[in-house]
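Report on the structure
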Amino acid sequence: MEIGKVYFWTATINDWKPLLINSDCKQVIIDSLLHLKNRKLIHILAYVIMPNHIHLIWKLNDYNGKELPSASFTKFTGHQFQKYLRDTNPTLLEAYAVDYPNKRYEFWQRDSKAMHLYTNKMLLQKLNYIHNNPLQEHWQLSETPEEYPYSSAKYYLDGVDTLNLAERWEDHF
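My aim in this report is to walk through the structure given alongside it, one point at a time. Just so we're clear, the structure is a prediction, and the values are computed from it rather than from any experiment.

About the thresholds
- Residues numbered from 1 in each chain as written.
- Predicted model: local features only at pLDDT ≥ 70, side-chain atom pairs only at ≥ 80, totals over all residues.
- Heavy atoms only, no water.
- Core = buried A, V, L, I, M, F, W, Y, C linked by side-chain atoms within 4.5 Å.
- Buried < 20%, exposed > 50% of the residue type's maximum accessible area, 1.4 Å probe, protein only.
- Helix = DSSP H or I, 4+ residues; strand = E, 2+ residues; numbered from the N terminus.
- Contact = heavy atoms within 4.5 Å.
- 1 Å grid on protein atoms, 1.4 Å probe; cavity = no way out; pocket = protein on both sides within 12 Å on 5 of 7 lines; lining within 4 Å.
- Points joined across faces, edges and corners; volume = space filled by probe spheres on them.
- Phe/Tyr/Trp six-rings, centres within 6.5 Å; stacked < 30°, edge-to-face > 60°.
- Lys NZ or Arg CZ within 6 Å of the ring centre and 35° of its normal.

**Notes on the nonpolar core**
Among the nonpolar cores identified, the biggest contains 50 residues, and Ile57 and Phe81 are the most heavily contacted of them. Elements supplying a minimum of two residues to this core: strand 1 (6–12), helix 1 (23–38), strand 2 (42–49), strand 3 (53–60), helix 2 (69–88), helix 4 (120–132) and helix 5 (153–158). Non-local contacts of isoleucine 57, meaning those with residues more than four positions away in its chain, are made with Val6, Tyr7, Phe8, His43, Ile44, Leu45, Ala46, Leu117, Leu123, Lys126, Leu127 and Ile130.

**Points about the layout of surface pockets**
Once rolled over the atoms, a probe with the size of a water molecule shows which space is left empty. The volume enclosed by the largest pocket comes to roughly 360 Å³. As for the largest pocket, its lining consists of 15 residues, and the residues nearest its centre are Thr74, Lys75, Lys103, Glu106 and Trp108. Elements that contribute at least two residues to the lining of the largest pocket include exactly helix 2 and strand 5 (103–105). Sort the elements by how many residues they give to the lining of the largest pocket and helix 2 lands first, with six residues.

**With respect to the packing of aromatic side chains**
With the rule as written, the count across this model stands at nine aromatic pairs. Ring centres 6.2 Å apart and planes at 80° place the aromatic pair phenylalanine 8 and tyrosine 129 in the edge-to-face group. Highlighted residues: phenylalanine 8 in strand 1 and tyrosine 129 in helix 4, separated in sequence by 121 residues. Its relative accessible area of 8% is what places phenylalanine 8 among the buried residues. For tyrosine 129, a relative accessible area of 33% puts it in the partly exposed group. Ring centres of tryptophan 9 and phenylalanine 73 lie 5.9 Å apart, and the angle between their planes is 80°; on these two criteria the pair is classed as edge-to-face. Of this pair, tryptophan 9 sits in strand 1 while phenylalanine 73 is found in helix 2, placing the two residues 64 residues apart along the sequence. Pair check on accessibility: tryptophan 9 and phenylalanine 73 agree, each one buried. Note that lysine 17 overlies the ring of tyrosine 96, its terminal NZ or CZ placed 4.9 Å from the centroid. In this arrangement the basic side chain of lysine 126 is found over the ring face of phenylalanine 8, its NZ or CZ atom lying 4.7 Å from the centre.

What follows is the structure, encoded as structure tokens:
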């Protein structure tokens, strides 16, 4: 990914485990994104937090030190997940154990997907996909996109984003 461009980005929990079904783990995601947003390193144009993955449309504004905001996000959230599970569910923590020389646990799959969005048509197609993700038959997390609380769908419907993450895509594209 490159600074200054808008991307559709998907990050998936290792082995598609439903770690993000837990509201405390969702809050880790939200807090990390808010931190990056408040430091003006990213603009979040759309989001959805699903039980085992997240989708974002975001614009990367600057590096966080020497790394992209996406790397900072996965690193920080991984550390927070580890702390949380160590305190609340050590048995579940072991499900994320890896045998790497530089780390003991890995929460995110290494193959996060990034697609550069360079036309309005592409952006709107991914925006629609993100907002309808919770309605898919195998999820059925809400009746309508705007009813799902971990999505920017309501923001695009009525301007209300209770998580304070989203910004209008027209302002950054």
